[in-house]
Amino acid sequence: MTKVVVTLLASCALCASPSLQAQAELDVVSLKSAIVRSVESDYPKLDALYKDLHAHPEIAFQEEKTATKLAAEMRALGFEVTEHVGKTSLVAIYKNGDGPTIMVRTELDALPMEEKTGLPYASRDKTIWQGRETFVAHSCGHDIHMASWVGTAKTLVGLKDQWHGTLMFIAQPAEETVSGTKAMLTDGLFTRFPKPNFGFALHDGAFAYGTVRYTAGIRSPNADGLYIKFRGRGGHGATPPATIDPVMMAARFVVDVQSVISREKDPSEFGVVSIGAIHGGTALNIIPDDVVLVGTMRSFKPEVRAKMLAGIERTARAVATMSNAPEPEIIITEGTKAVINDPGVVGTAEKVLKAAFGDKFEPSPPVTAS
Ligand SMILES: [Zn+2]
């Protein structure tokens, strides 16, 4: 974990630095060595924090102890900390004269699964999740992000004579259920606190040791959840004319909906729709009353998203019309929005990080996970 955090932390602190810098030009080489020196001297404490967070993970909106630990770290650094913004999250503000407000974000939550790494600090903690007992593990690396977040704050506070402005460090709950951001926004993240000029975040990933990747523009897609119920009329499988068969409608829809992607959507634009589950029926000779399909839709651009949603709804209605069935029930649940990195901000950070990391700093194409 040592080198990982040093790299992530140095990249995060370096990202924030040019935005905060009063002078136009930045001496990246000396700044990088000052950052690395700071991280190395703080390292034993950051490592202990990481291992403690790793051993005691908490699931979405249960991150009480995690948030309390981070709040204590930030208060010790002189940040003004507000807890329970959007249930379990926290906002930490550090003012250092006139200048822009820079937001740095981490997540707090872990996943409902068992850790099988065999590490001495592996999690054996359990919780209740959706009515059942489950193990909890930091399998998405949010423990690394939290340790890097605290380390970035320590480093920036240690170098405060080299920048001016306001730091806004936020710790967001429930990333895994895609609901923590909304909870913070609804609770006044950008009205009760300063609206930042720039925001930075990082996510660990499975790529070569020591590398830092970045993307200008679209990074990850919009995600929408689909719920479609085809309503028919149940009856005996031996007498189909007396029924309206929703299994037939579901089967047609699953195939025909892909023509929205292949025939309607611009082929040069990203968009997918996948049906993940079909529920209907109980017996081999009974046509059920209805069948429910659930699925996910991903897109990068709003106009592509709108076109796909219209096509999906039209296909579902058409399939029902073909069977002379009642209108299907269609529910679209909006999930995450696409992450779009501002090319101007990326350009500024890019120059600094390229000078600091050379070939280890590389552009990365967008991902299709949200
Ligand atoms: Zn994550």
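Residues numbered from 1 in each chain as written. Predicted model: local features only at pLDDT ≥ 70, side-chain atom pairs only at ≥ 80, totals over all residues. Heavy atoms only, no water.

## Re the packing of aromatic side chains
According to the stated counting rule, one finds eight aromatic pairs in the structure shown. Three or more aromatic residues joined by ring pairs make a cluster, and in this case those are Phe-79, Tyr-94, Trp-149, Trp-163 and Phe-169. The aromatic ring of Phe-61 is capped on one face by Lys-87, whose charged end is 4.3 Å from the ring centroid. (Phe/Tyr/Trp six-rings, centres within 6.5 Å; stacked < 30°, edge-to-face > 60°. Lys NZ or Arg CZ within 6 Å of the ring centre and 35° of its normal.)

## Focus: the packing of helix α2 (residues 28-55) against helix α4 (residues 142-158)
It is the contact of α2 with α4, at a shortest axis distance of 9 Å, that shows an interaxial angle of 145 degrees. As for the relative orientation of α2 and α4, their crossing is right-handed in sense. Taken together, the residues of α4 that come into contact with α2 (itself represented by Ile-35, Ser-38, Val-39, Asp-42, Lys-45, Leu-46, Leu-49, Tyr-50, Leu-53 and His-54) are Asp-143, Ile-144, Met-146, Ala-147, Val-150, Gly-151, Lys-154 and Thr-155. Residues that form the contact of α2 with α4 fall into these classes: ten nonpolar, four polar and four charged. (Axes fitted to C-alpha atoms, helices over the stretch in contact; angles between N-to-C directions. Helix = DSSP H or I, 4+ residues; strand = E, 2+ residues; numbered from the N terminus. Left-handed = near helix turned anticlockwise from the far one by under 90°. Contact = heavy atoms within 4.5 Å. Nonpolar A, V, L, I, M, F, W, Y, C, P; charged D, E, K, R; others polar.)

## Digging into α4
Over its 17 residues, α4 runs 24 Å from end to end, which matches the ideal 24 Å to within 8%, given 1.5 Å per residue. With 16 of 17 residues buried, α4 lies mostly within the body of the structure. (Expected span 1.5 Å × (residues − 1). Buried < 20%, exposed > 50% of the residue type's maximum accessible area, 1.4 Å probe, protein only.)

## Quick look at the environment of Pro-328
Here Pro-328 lies in the loop between α8 (302-322) and β15 (329-334). Distance from Pro-328 to Asp-290, taken between C-alpha atoms, is 9.5 Å for residues 38 residues apart in sequence. Look past the residues within four positions of Pro-328 in its chain and what remains in contact with it is Ile-228, Lys-229, Phe-230, Arg-231, Ala-316, Arg-317 and Ala-320.

## A few points about unusual backbone geometry
One non-glycine residue, His-84, lies in positive phi territory at about 60 degrees. Looking at the secondary structure, you find His-84 in strand β1 (residues 80-85). On the basis of relative accessibility, which here comes to 46%, the residue His-84 falls in the partly exposed class. Positioned with a positive phi, Gln-130 is a non-glycine residue whose angle comes to about 50 degrees. Position of Gln-130 among the secondary structure elements: in the loop between β4 (126-129) and β5 (132-135). Given the relative accessible area of 70%, Gln-130 is considered exposed.

## Observations regarding the nonpolar core
Counting residues in each nonpolar core, the largest one holds 28 residues, and the members touching the most others are Leu-70, Met-74, Phe-79, Leu-90, Trp-149 and Phe-169. Elements with a minimum of two residues in this core: α2, α3 (64-76), β2 (89-96), β3 (101-107), α4 and β6 (165-172). The element contributing the most residues to this core is α4, with six residues. The contact partners of Trp-149, leaving out residues within four places of it in the chain, are Leu-70, Met-74, Leu-90, Val-104, Arg-105, Thr-106, Phe-169, Ile-170 and Ala-171. Formed by 22 residues, the second largest nonpolar core is a distinct cluster that contains Phe-230, Val-291, Met-308 and Ile-312. (Core = buried A, V, L, I, M, F, W, Y, C linked by side-chain atoms within 4.5 Å.)

## Considering the sheet that holds strand β12 (residues 271-280)
Strand order across the open sheet formed by four strands is β12-β14-β10-β15, with antiparallel pairing between neighbours. Lying at the two open borders of the sheet, with one neighbouring strand each, are β12 and β15. Averaged over all pairs of adjacent strands, the angle between their axes in this sheet comes to 15 degrees, without regard to strand direction. The pairing of strand β10 (residues 222-231) with β15 spans six bridges and is classified as antiparallel. Of the residues in β15, the one forming a bridge with Gly-225 is Thr-333. Against the sheet, helix α6 (residues 246-256) makes contact with β10, β12 and β14 (290-299), and its axis sits at roughly 15 degrees relative to β14, the strand it touches most. Packed on one face of the sheet, α8 meets β10, β12, β14 and β15 and runs near 165 degrees to β14. (Pairing = 2+ DSSP bridges.)

## Quick word on the sheet that holds β1
One open sheet accounts for five strands, arranged β1-β2-β6-β3-β7; its pairing is mixed. What marks the edges here is a single partner per strand, and that holds for β1 and β7 (198-201). Across the sheet, the axes of successive neighbouring strands diverge by a mean angle of 20 degrees, strand direction being ignored. For β2 and β6, the ladder comprises seven bridges, and the chain directions are antiparallel. Looking at the pairing, Leu-90 lines up with Ala-171 of β6.

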